[in-house]
Amino acid sequence: MPLTILEIFKKLTKFEFRVLSVIEILMARHEFVPIEDIAKYMNYTEKRIRVTIDRMRKDKLVIVVQRHYLGIALTFIGYDALALKALVEKGVIAQVGPEIGAGKESDVRLALDDDGNDLILKFHRLGKLDFRATRKARSFLAEKRHLSPLYESRLSAEREYSALKALFDAGVSVPKPISQNRHIVAMHVVTGQDLFRMKKNEFKNPESVRELSENILNEIIKSAKAGYIHGDLSEYNIRLNEEDYPVLFDWPQYISLDSGHANLILSRDIENVLNYFTKKFKMSPRIEIKEIIDKIFVTRENAK
Ligand SMILES: Nc1ncnc2c1ncn2[C@@H]1O[C@H](COP(=O)(O)OP(=O)(O)OP(=O)(O)O)[C@@H](O)[C@H]1O
Ligand SMILES: [Mg+2]
């Protein structure tokens, strides 16, 4: 059985961590870092570094390719180790727990802080499929436009974290962000259930369904007024908390209210939500999407 992230993480020595972080630094310049550069940077012999690399390769923390030089790159597991270590050192987490969800572009895990409170770690993993496949040799510098999966994942986490912070501060119902390092966002757990998992008989009565749809729309309007449009909203990215109040999550693809096609994306988000209520509850929405959109954009124009 392959080791879990946690087991790998615990096994790493200080020296191995140093090698990982040097590879990370040098990956700003190389897709695959020449082993020679790592040795030079750390002031060790190539032979010494090779022993460590060989060990870490077995745990899939790094991959090694033979080009006209021997090149090393971090894998997502190696990147996980660096980010988790930073979060431990920052005092954000004390322990990493089980995975509770694996999406197309992220893995979500529970973790514990120093006081034993649960929190959520969302590991952004963009382009992971592409990364696993063997890619053709190509010049990294010549293809700057192609971002590396690790870098793209970090940007995605940074975007989600900054959106969560701004939205939370604006009083929108989103998970409370705690911290972010590299491709990992730490946030509060929303205890409750994803909307798409709710069964019809779990809703008290038609009135509570209507109230829920109105609460969701209100939160969409609040987030738009704060400048953020979700861009991928549906019953899959809404959770009901213990008070059955909706919490909007999964924000990395948000677009700004100022961007050209903001009104279209906003209409689509609202439509997705209304469709869910129509299909599941045969509820005909009292809401005119156009009216909402006009209200947001007119208020915006007036404020300028
Ligand atoms: N703060 C949170 N509290 C509780 N559960 C969460 C929280 N954040 C995420 N989850 C759970 O993890 C699942 C996946 O989270 P999220 O939607 O953010 O990522 P994703 O869907 O995997 O990403 P992608 O849409 O790119 O595949 C959610 O459906 C939800 O069940
Ligand atoms: Mg999602």
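Just so you know, these numbers come straight off a predicted model, no measurement behind them.

Any chance you could break down the domain arrangement of the protein for me, citing the residues and the numbers?
Here the domain parsing of the protein yields domain 1 (1–74), domain 2 (91–189) and domain 3 (192–303). Listed per partner, the contact involves 16 residues of domain 2 and 16 residues of domain 3. Buried area between domain 2 and domain 3, both sides added, is near 1,200 Å², and the carbon and sulfur share of it is 62%. Of all residues in domain 2, R159, L167 and S173 give up the largest surface area on contact with domain 3, accounting jointly for 41% of the area buried on that side. Counting across the interface, domain 2 meets domain 3 through 1 salt bridge. When the shortest N-O distance is used, the salt bridge between D250 and K122 registers 2.8 Å. Linking domain 2 with domain 3 are 8 residue pairs in polar contact (both at pLDDT 80 or more), by the criterion used here. No other element matches the 8 residues that helix α7 (residues 149–169) contributes to the side of domain 2 that touches domain 3. In the side of domain 2 that touches domain 3, the residues fall into 8 nonpolar, 5 polar and 3 charged.

I'd love a proper account of the site of ligand 1, names of residues and values included.
Taken together, 17 residues surround ligand 1, and among them K104, S106, K122, V190 and D194 come closest. In this structure, N237 approaches ligand 1 through a side-chain N or O atom, which is 3.1 Å from an oxygen atom. Notes on ligand 1: free accessible area 610 Å², of which the protein chains cover 86%. Contributing elements (two or more residues each) for the shell around ligand 1: β5 (106–112) and β6 (118–124). Residues belonging to the shell around ligand 1 are distributed by class as follows: 7 nonpolar, 4 polar and 6 charged. A domain split of the shell around ligand 1 shows at least three residues from each of domain 2 (91–189) and domain 3 (192–303).

Lay out the coordination of the magnesium ion (ligand 2) with the relevant residues and their values.
Geometrically, a metal with four donors at the corners of a regular tetrahedron has ideal angles of 109.5 degrees, and one with six donors at the corners of a regular octahedron has ideal angles of 90 or 180 degrees. In this structure, N237 (OD1) and D250 (OD) serve as the protein donors to the magnesium ion (ligand 2), at separations of 2.2 Å. With N237 in the loop between β10 (228–229) and β11 (238–241) and D250 in the loop between β12 (246–248) and β13 (255–256), this pair connects stretches of sequence that are 13 residues apart. Grouping residues by exposure puts N237 and D250 together as buried.

Please provide a residue-by-residue account of the packing of helix α8 (residues 206–225) against helix α9 (residues 262–281), values included.
Taken N-terminus to C-terminus, the directions of α8 and α9 make an angle of 175°; their axes are 11 Å apart at the nearest point. Taken together, the axis directions place α8 and α9 in an arrangement best described as roughly antiparallel. Counting all contacts with α8, which are made through V209, L212, S213, I216, L217, I220 and A224, the residues of α9 involved are L266, I270, V273, L274, F277 and F281. Tallied by class, the residues present in the contact of α8 with α9 amount to 12 nonpolar, 1 polar and no charged.

Tell me what's going on with the packing of aromatic side chains, and back it up with residues and numbers.
Counted according to the given criterion, the structure contains 7 aromatic pairs. Ring geometry for Y276 and F281: centres 6.1 Å apart, planes at 80°, overall edge-to-face. For the pair Y276 and F281, one class covers both residues: buried. A network of ring pairs unites the aromatic residues F203, Y276, F277 and F281 as a single cluster. Note that K85 overlies the ring of F17, its terminal NZ or CZ placed 4.8 Å from the centroid. The ring of Y254 is capped by R159, whose NZ or CZ atom sits 4.0 Å from the centre of that ring.

Go over the sheet that holds strand β9 (residues 192–194) with me, naming the residues and quoting the values.
As summarised here, the arrangement of the 3 strands in space is β9-β11-β12, forming an open sheet in which the pairing is antiparallel. The open sheet has two edge strands with one neighbour each: β9 and β12. With strand direction ignored, the average angle separating the axes of adjacent strands in the sheet is 30°. As defined by bridge partners, β9 adjoins β11 across 3 bridges and the pair is classed as antiparallel. In the sheet register, D194 faces β11, and the bridge partner there is R239. Running at roughly 30° to β12, α8 makes contact with β11 and β12 of the sheet.

What counts as what
Residues numbered from 1 in each chain as written. Chains lettered and ligands numbered in written order. Predicted model: local features only at pLDDT ≥ 70, side-chain atom pairs only at ≥ 80, totals over all residues. Heavy atoms only, no water. Domains from an automatic or database assignment. Contact = heavy atoms within 4.5 Å. Buried area = accessible area lost by both parts, 1.4 Å probe. Salt bridge = Lys/Arg side-chain N within 4 Å of Asp/Glu carboxyl O. Polar contact = N/O pair within 3.5 Å; in protein donor to acceptor, adjacent residues only side chain to side chain. Helix = DSSP H or I, 4+ residues; strand = E, 2+ residues; numbered from the N terminus. Nonpolar A, V, L, I, M, F, W, Y, C, P; charged D, E, K, R; others polar. Near = heavy atom within 4 Å. Areas by Shrake-Rupley, 256 points an atom, 1.4 Å probe, with all protein chains shown as cover. Donors = N, O, S within 2.8 Å, 3.2 Å for Na, K, Ca; no water. Buried < 20%, exposed > 50% of the residue type's maximum accessible area, 1.4 Å probe, protein only. Axes fitted to C-alpha atoms, helices over the stretch in contact; angles between N-to-C directions. Parallel < 35°, antiparallel > 145°, perpendicular 65-115°, else oblique. Phe/Tyr/Trp six-rings, centres within 6.5 Å; stacked < 30°, edge-to-face > 60°. Lys NZ or Arg CZ within 6 Å of the ring centre and 35° of its normal. Pairing = 2+ DSSP bridges.

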